[in-house]
Amino acid sequence: RGFGHPGATPTENVTRELREEIAATPTAVIPLGELHPDTGLLAHKVSLYAACVDRIGPVEKGEAIHRAVTVTPAEAEEMVADGRITDGFTVAALYRARLAGVLRTPAPDDGT
């Protein structure tokens, strides 16, 4: 999560944030739509993106990031289901990514 720089494209902002916070460079940036985090208190909206990265480097401790963990899409959804992920932005981004076809889950084995 981060703030964009005025005049920068969304891809430039996503790339900058990933480099600054987890020392990663995206190979693809996929727009996932917008989110209004709390229409009862705020009128602003945020844009959601998925990014493909080849690796994660050292995290930026100054951003209050303690660690970065990689999980499969199924594991991420399980973490939402069992309450380990409760951040609204993360839940929304996962759902939007699922709807956009970014998260692919193998078809269940039908036994044949």
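Right above here is the structure, for reference.
An account of the accompanying structure is given in this report.

Cut-offs applied
- Residues numbered from 1 in each chain as written.
- Predicted model: local features only at pLDDT ≥ 70, side-chain atom pairs only at ≥ 80, totals over all residues.
- Heavy atoms only, no water.
- Helix = DSSP H or I, 4+ residues; strand = E, 2+ residues; numbered from the N terminus.
- Buried < 20%, exposed > 50% of the residue type's maximum accessible area, 1.4 Å probe, protein only.
- Contact = heavy atoms within 4.5 Å.
- Lys, Arg positive; Asp, Glu negative; His and termini not counted.
- Charge placed at Lys NZ, Arg CZ, Asp CG, Glu CD.
- Core = buried A, V, L, I, M, F, W, Y, C linked by side-chain atoms within 4.5 Å.

What to know about the overall build of the chain
In terms of helices and strands, the chain carries three helices and two strands. Counting from the amino terminus, helix and strand elements in the chain follow one another as α-β-β-α-α. For the chain, the spread of C-alpha atoms along the three principal axes comes to 55 × 35 × 25 Å. Each of the 112 residues in the chain was classed as buried or not, and the buried ones make up 21%. Taking contacts inside the chain between residues at least 6 apart in sequence as the whole, the part at least 24 apart equals 46%. Positive and negative charge centroids in the chain, built from 11 and 16 side chains respectively, lie 3 Å apart.

Brief notes about the nonpolar core
With 10 residues, the main nonpolar core is built from Leu32, Leu48, Ala50, Ala76, Met79, Ile85, Ala92, Leu94, Ala97 and Leu103. Secondary structure elements with two or more residues in this core: strand 2 (46–53), helix 2 (73–81) and helix 3 (88–99). For this core, the leading source of residues is helix 3, giving three residues. Excluding residues within four positions of it along the chain, isoleucine 85 makes contact with Ala76, Met79, Val80, Thr90, Val91 and Leu94. Judged by nonpolar contacts, the second largest core, of six residues, contains Val14, Ala24, Val59 and Ile65.

Details of the environment of glycine 33
With respect to the secondary-structure elements, glycine 33 resides in strand 1 (residues 26–35). Residue glycine 33 is classed as partly exposed on the basis of its relative accessible area of 32%. Spatially, the C-alpha atom of glycine 33 lies 5.8 Å from that of serine 47, the residues being 14 residues apart in sequence. Leave out the neighbours within four places in its chain, and glycine 33 touches Val46, Ser47, Leu48 and Arg96.

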